[in-house]
Amino acid sequence: MVDTARDDPRGRPAAERVQRPQARTTERREAVLKAAMNVFGARGYNKGALVEVAEQAGMTHAGVLHHFGSKEGLLVAMLKYRDGEEVAGVPARAQTEGPAFLQHLVDTVEENTHRRGVVQAYTVLSGESVTDGHPAHDYFQGRFHGLRAKIAGVLGEVSGNTDERELADAASALIAIMDGLQVQWLLEPDAIDMPRILSRTIDELVDRLRRP
């Protein structure tokens, strides 16, 4: 039996008292990541200030640096958080695999129509990342490489097509359409139905890949 009186005057086990500060730390970091998405999305990386991120997250500039080390570190963490990866102690979100991934893409686009700041952050930063020395260059390069491979694999599984070059080209085209739609939607949201267009594009791609 655990002697809780020895752990805490109020009878709480030591493990419980350790977990609570850890949970608060995770909450603070997630608040910073969400604030960074807002600030970098509205102003870009170069003009987005850590002071503004800190204000939105309800902490000091020094507090942000304590959790993420640098502005560059925060940027990469924010991008990984957006993709649902585990980062800075914030748990990863479940990932969709196999043929269901194609519908997941459409569902994500639908969600993004209600998350303008997230779409804006991704669009601005992906464009900036092609410039020399940008801290998100390696992240976006790796992201596109992995996403192309995953989409190509799923398209091959769904269509039965085994031509690697054709599948890779189809995956690249699908990514280009998704990102291009986001730019158009940000500029003229009432004119662009991203989920409908993407769903139709996927159907047409799969149909073409099934042809002999």
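As shown above, the structure is provided for reference.
In this text the structure is predicted, and so the values were computed from the model without any measurement.

**Student:** Where do I start with the side chain of Asn 112 in this structure?
**Tutor:** When you line up the elements, Asn 112 lands in helix α6 (residues 100-112). Judged by its relative accessible area of 4%, Asn 112 is buried.

**Student:** Please clarify how the environment of Leu 102 should be interpreted in this entry.
**Tutor:** Tracing the sequence through the fold places Leu 102 in helix α6. If sequence neighbours within four positions are ignored, Leu 102 has contacts with Val 154, Leu 155, Val 158, Ile 202 and Val 206.

**Student:** Looking at this structure, I do not really get the packing of aromatic side chains. What am I missing?
**Tutor:** Tallied over the full model, the rule gives three aromatic pairs. Geometrically, the ring pair formed by Tyr 139 and Phe 140 is edge-to-face, given 5.0 Å between the ring centres and 80° between the ring planes. Here the aromatic residues Tyr 122, Tyr 139, Phe 140 and Phe 144 are joined through ring pairs into a cluster of three or more. A cation sits over an aromatic face here: Arg 93 above Tyr 81, 5.7 Å from the ring centre. In this structure, Lys 150 packs its charged tip against the face of Phe 101, placed 4.3 Å from the ring centre.

**Student:** Explain the nonpolar core here, please?
**Tutor:** Burial of nonpolar side chains together is a common tendency in soluble globular proteins. With 30 residues, the main nonpolar core has Leu 33, Leu 74 and Met 78 as its most contacted residues. When contributions to this core are tallied by element, the ones reaching two or more residues are α2 (14-47), α3 (50-57), α4 (61-68), α5 (71-82), α7 (116-128) and α8 (137-159). The element contributing the most residues to this core is α2, with eight residues. In contact with Leu 33, not counting residues within four places along its chain, are Phe 68, Leu 74, Ala 77, Met 78, Tyr 81, Val 87 and Val 90.

**Student:** Explain α3 here, please?
**Tutor:** An α-helical segment advances 3.6 residues per turn. Residues three or four places apart therefore align on the same side. When we look at burial in α3, the residues that qualify are Leu 50, Val 53, Ala 54 and Ala 57. Buried residues of α3 fall within an arc of 100° about the axis and therefore sit on the same side. Where α3 terminates, the next one or two residues include Gly 58, which has phi positive at roughly 75°.

**Student:** Got a minute to help me understand the packing of α3 against α4 in this structure?
**Tutor:** Two measures define how a pair of helices packs: the angle their axes make with one another and the distance between the axes. Two numbers describe how α3 lies on α4: the axes approach to 8 Å, and their chain directions differ by 95°. Relative to α4, α3 is oriented roughly perpendicular. In contact with Leu 50, Val 51 and Ala 54 of α3, α4 contributes His 61, Val 64 and Leu 65.

Definitions and limits used
Residues numbered from 1 in each chain as written. Predicted model: local features only at pLDDT ≥ 70, side-chain atom pairs only at ≥ 80, totals over all residues. Heavy atoms only, no water. Helix = DSSP H or I, 4+ residues; strand = E, 2+ residues; numbered from the N terminus. Buried < 20%, exposed > 50% of the residue type's maximum accessible area, 1.4 Å probe, protein only. Contact = heavy atoms within 4.5 Å. Phe/Tyr/Trp six-rings, centres within 6.5 Å; stacked < 30°, edge-to-face > 60°. Lys NZ or Arg CZ within 6 Å of the ring centre and 35° of its normal. Core = buried A, V, L, I, M, F, W, Y, C linked by side-chain atoms within 4.5 Å. Arc of directions from axis to C-beta. Axes fitted to C-alpha atoms, helices over the stretch in contact; angles between N-to-C directions. Parallel < 35°, antiparallel > 145°, perpendicular 65-115°, else oblique.

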